[in-house]
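# A structural walkthrough
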Amino acid sequence: MRLPGLITGAVALLSTPTLAAANCPIDAPMAAAGDYQLSYTLTPALPTVGQPFQMTIEACGPANAPYTGPILVDADMPAHRHGMNYKPTVISTLPGTYVAEGFLLHMPGDWRFKFRLAGADGPVRLAHGHVQP
Amino acid sequence: MIRLLILAAAMIGACANAPSAIAQDVSFSETERAAILRFGPWPPLPSTDASNRVSGDEKAIRLGLQLFNDPRLSPSGRVACASCHQPEQAFADGRPVAIGVAKGVRNTPSLLDTGFSRWFGWAGANDTLWGASIRPITAAAEMASAAEHVQTLITTDTKLAAAFTQTFGASAKAMGAEPALMAVGKALAAYQETLISKRTSFDQFRDALAAGDTTGTSKYADSAKRGLKLFIGEGRCSLCHLGPRFTNGEFDDIGIPFFTGPGKVDKGRYAGIQYFKKSAFTRLGAYSDDPAGKDSPAAIPSHHVALQGRAFGSFKVPSLRGVQETAPYMHNGTLNTLPEVINHYSKMDQDRLHIDDAAILRPLNLTPQQALDLEAFLRSLSPTK
C-alpha cells in the first residue's frame with residue numbers, strides 16, 4: 001500500500017465516481033473510532049467476485065473537519081484468516097475524499113474492509129464488513 | 001477447490017448416466033438455484049484481448065495454428081506447442097508432468113478456454129496469453145529456443161514469412177528478433193483464444209433451470225444433481241471453483257506437495273509473481289498493444305498483484321470444464337483419476353496446508369455415495385462423447 005500523493009496514474013478512472021470534498025461530519029458513518037469516521041462507496045456498487053473494483057472513501061477527522069492524512073486500505077476474510085492477493089493503492093482527490101483502486105475479492109463470503117488513518121496519537125484503525133455474493 | 005469424496009474405486013465409472021442409487025427427488029433451494037445459475041451461461045460472449053492487436057484476426061489465427069504445430073520453433077526440431085498441448089487430449093498430454101526438451105516438474109494444463117484467463121500457467125507467471133505463449137518457447141526444459149532462432153525460421157520459410165508479413169504488416173527480419181518473437185506469441189495467442197470447450201450436460205441443466213424448464217432439468221442425472229448440491233453446499237468447492245469456468249482465476253495451496261526432488265521446491269505462485277514482476281512481456285510493458293497502455297482496466301490486477309508469503313506453494317485454481325479429459329490432476333500430476341482427486345479432499349491432511357488455508361480446507365469425510373455423486377457432477381462438466 002502506498003500513501004496518498006505517491007500514487008499517480010491508474011485512477012484516471014475507468015468508471016469515475018462523482019467526487020466531492022467530504023461532507024463532515026458524516027451522518028451515518030460506516031466505521032468510526034474516536035474523532036475519526038468514514039464511509040465508502042464501491043464502483044461497481046456490487047462487485048463481482050474475482051473482478052477488480054474501486055472504492056471511494058469519505059473520511060472525517062477531529063473537529064468534524066475532512067481528514068486529509070494518509071489512508072491505507074485492505075480487505076480480509078476473518079473466518080478464513082486470509083486477505084486479498086492484491087494490494088490496493090489510494091489517492092487523495094479532494095479534502096477528505098480518496099479513491100482506492102486494485103481491490104479484488106477472490107471468494108464469495110464475509111469480507112472486511114480495513115482502513116488505517118494517521119491519527120494525532122498514532123494509527124487509527126477502522127473496519128467495515130462486506131458480504132460478497 | 002474440489003474438496004470432496006472418498007474413493008470407492010471399485011465403483012468408478014458408474015456416475016452420470018447410472019441409475020440413481022438413492023431414490024429421492026433432488027430439488028434445489030432458491031439460494032442453490034442462484035448459485036447454480038452463476039456457473040453459466042456457456043459459452044461466454046466472444047471478446048478480444050486489447051493487449052494483442054491481432055486478437056480475433058483470421059490471418060493471425062491461421063498463422064498461430066500453423067506455428068502451434070511446428071516443431072521447428074524448437075532448435076531441436078522435435079518439440080512443438082502441440083507436443084504437450086495435444087488437441088486429441090483436450091490440449092493437455094495425459095502425462096504427470098510435461099516432457100519437452102527435458103522432463104519438467106509441472107503437469108501440462110489444458111488450453112481449452114485459456115483465453116478467458118487473467119493469469120496464465122500454474123504459477124500465473126504471465127498476465128497475457130501471448131506472454132504465456134512465448135515463455136515455453138524460450139524455457140530451457142520446454143522448447144529451449146531463442147528469439148533469434150524464431151526470427152530465422154520465420155524469415156527463411158517462405159510460406160511462414162508471407163503469412164507473418166500479411167498478418168503483422170512487416171517481416172520478421174525488419175521487425176527485429178525480440179519483436180518478432182512477441183508477434184509469434186500474439187499469433188499463437190490468437191489461435192488459442194479460439195479453443196473453447198463445448199457445451200455439456202451441466203450447461204443444458206443450468207439453462208433449463210434458468211428457464212424453469214422442468215422437462216429439461218429432469219434429464220440431468222440425479223447423481224450429478226446430488227454432486228452439484230455437495231459442490232455448492234457442504235463441500236464448499238464453489239468458494240474457489242466459481243463462475244462459468246468453475247475457477248476464480250486465483251491461486252491456492254490445497255496440500256499437494258511442492259517438493260520436486262531432494263532439496264528442490266516448486267515455489268508456485270510466489271515464483272510466478274517474481275517472474276511476472278521482472279518480465280517486460282506483460283500488460284504493463286512496451287509490447288502491450290492496448291491503447292490505454294498501463295492504465296487499461298485490464299491491467300489493474302497486474303498493477304496491484306502482491307508478493308505475499310501465502311503465495312509460496314500455491315498454484316492456480318484450474319477450470320473444471322472438461323476435467324474428465326485432463327487427467328492426471330494437480331500441478332504436479334500426482335493424482336491419476338477424479339476419484340483420487342475427490343479422495344484428496346475427503347481425507348485431506350491439514351498439516352500440509354498453510355496456516356491461512358487451514359481455515360478454509362478441512363477433510364470432507366465423504367461417504368462412498370457422496371464421492372460417486374461428486375464424481376458424476378464433475379464428469380457432467382465435460383462434453384458428452
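Heads up: the structure comes first, above all this text.
Values in this document were obtained by computation on a predicted structure and should not be read as measured data.

### Describing the overall build of chain B
- Looking only at helices and strands, chain B features 15 helices and 4 strands.
- In terms of C-alpha radius of gyration, chain B reaches 22 Å, essentially the compact-globule figure of 21 Å for 385 residues.
- Across the 385 residues in chain B, those meeting the buried criterion constitute 54%.
- Here the analysis covers contacts within chain B between residues at least 6 apart in sequence; of these, 73% occur between residues at least 24 apart.
- Looking at chain B as shown, the accessible area adds up to about 15,900 Å², and 55% of this sits on carbon and sulfur atoms.
- Charged side chains in chain B number 40 positive and 36 negative. The centres of these two groups are separated by 2 Å.

### Points about the nonpolar core
All names here are of chain B.
- Of all hydrophobic cores here, the largest spans 41 residues; its most connected members are L63, L67, F68, I137, I154, F164 and V184.
- Counting residues per element, the ones that place at least two in this core are helix 2 (58-68), helix 3 (81-84), helix 4 (129-138), helix 5 (147-156), helix 6 (158-168) and helix 8 (177-192).
- For this core, the element with the most residues is helix 8, which contributes 11 residues.
- L67 has contacts with L73, I154, L160, V184, A187 and L188, leaving out every residue within four places of it along the chain.
- Formed by 40 residues, the second largest nonpolar core is a distinct cluster that contains F202, I232, I254 and L364.

### Comments concerning the packing of helix 4 of chain B against helix 8 of chain B
Residue and element names in this part refer to chain B.
- Where helix 4 contacts helix 8, the axes come no closer than 7 Å and their chain directions differ by 115 degrees. You can see that helix 4 and helix 8 cross each other, and the crossing is right-handed. Only L181, M182, V184, G185, K186, L188, A189 and Q192 of helix 8 make contact with helix 4, whose side of the interface consists of L129, W130, S133, I134, I137 and T138.
- Of the residues contributing to the contact of helix 4 with helix 8, the split by class is 9 nonpolar, 4 polar and 1 charged.

### Concerning the state of the cysteines
- For the structure shown, the criterion picks out 1 disulfide over all chains.
- In this model, C24 of chain A is linked to C60 of chain A through a disulfide, with the two sulfur atoms separated by 2.0 Å. Across the S-S bond of C24 of chain A and C60 of chain A the torsion is about -90 degrees, and the bridge reads as left-handed. Here the residue C24 of chain A occupies a position in the segment before strand 1 (31-33), and C60 of chain A occupies one in strand 3 (residues 53-60), the gap between them amounting to 36 residues. The burial state of C24 of chain A is the same as that of C60 of chain A; both residues are buried.
- No disulfide involves C84 of chain B; its sulfur sits 9.1 Å from that of C81 of chain B, the nearest cysteine.
- Here C84 of chain B falls in the buried class, since its relative accessible area comes to 11%.
- Distance from the sulfur of C237 of chain B, which forms no disulfide, to the nearest cysteine sulfur (C240 of chain B) is 9.4 Å.
- The buried category is assigned to C237 of chain B, whose relative accessible area is 0%.

### Here's the deal with the environment of A21 of chain A
All names here are of chain A.
- Positionally, A21 belongs in the segment before strand 1.
- The class for A21 is partly exposed, based on a relative accessible area of 40%.
- As a C-alpha pair, A21 and T97 span 76 residues in sequence and 5.7 Å in three-dimensional space.
- Those residues in contact with A21 that lie beyond four places of it in its chain are E58, L94, P95 and T97.

### Quick notes on helix 1 (residues 30-37) of chain B
- Every buried residue of helix 1 of chain B is listed here: E32, A35, I36 and L37 of chain B.
- Here the buried face of helix 1 of chain B lies against helix 9 (201-211) and helix 11 (222-232) of chain B.

### Side note on the interface of chain A and chain B
- Opposite the 24 residues of chain A that make contact, chain B presents 24 residues.
- Of the roughly 2,100 Å² buried where chain A meets chain B, counting both sides, 57% is carbon and sulfur surface.
- If you look at where chain A meets chain B, you find 11 residue pairs in polar contact (both at pLDDT 80 or more).
- Every element with two or more residues in the side of chain A that touches chain B is listed here: strand 5 (82-83) and strand 7 (97-103) of chain A.

### Section: the packing of helix 2 of chain B against helix 8 of chain B
All names here are of chain B.
- Their axes nearest at 7 Å, the elements helix 2 and helix 8 cross at an angle of 100 degrees. By the angle class used here, helix 2 and helix 8 are roughly perpendicular. Residues A60, I61, L63, G64, L65, L67 and F68 of helix 2 lie in contact with helix 8, whose contacting residues are V184, A187, L188, A190, Y191 and Q192.
- Of the residues in the contact of helix 2 with helix 8, the class split is 11 nonpolar, 2 polar and no charged.

Reading guide: rules and limits
Residues numbered from 1 in each chain as written. Chains lettered and ligands numbered in written order. Predicted model: local features only at pLDDT ≥ 70, side-chain atom pairs only at ≥ 80, totals over all residues. Heavy atoms only, no water. Helix = DSSP H or I, 4+ residues; strand = E, 2+ residues; numbered from the N terminus. Rg over C-alpha atoms; globule rule 2.2 N^0.38 Å. Buried < 20%, exposed > 50% of the residue type's maximum accessible area, 1.4 Å probe, protein only. Contact = heavy atoms within 4.5 Å. Areas by Shrake-Rupley, 256 points an atom, 1.4 Å probe, with all protein chains shown as cover. Lys, Arg positive; Asp, Glu negative; His and termini not counted. Charge placed at Lys NZ, Arg CZ, Asp CG, Glu CD. Core = buried A, V, L, I, M, F, W, Y, C linked by side-chain atoms within 4.5 Å. Axes fitted to C-alpha atoms, helices over the stretch in contact; angles between N-to-C directions. Left-handed = near helix turned anticlockwise from the far one by under 90°. Nonpolar A, V, L, I, M, F, W, Y, C, P; charged D, E, K, R; others polar. Disulfide = S-S within 2.5 Å. Buried area = accessible area lost by both parts, 1.4 Å probe. Polar contact = N/O pair within 3.5 Å; in protein donor to acceptor, adjacent residues only side chain to side chain. Parallel < 35°, antiparallel > 145°, perpendicular 65-115°, else oblique.

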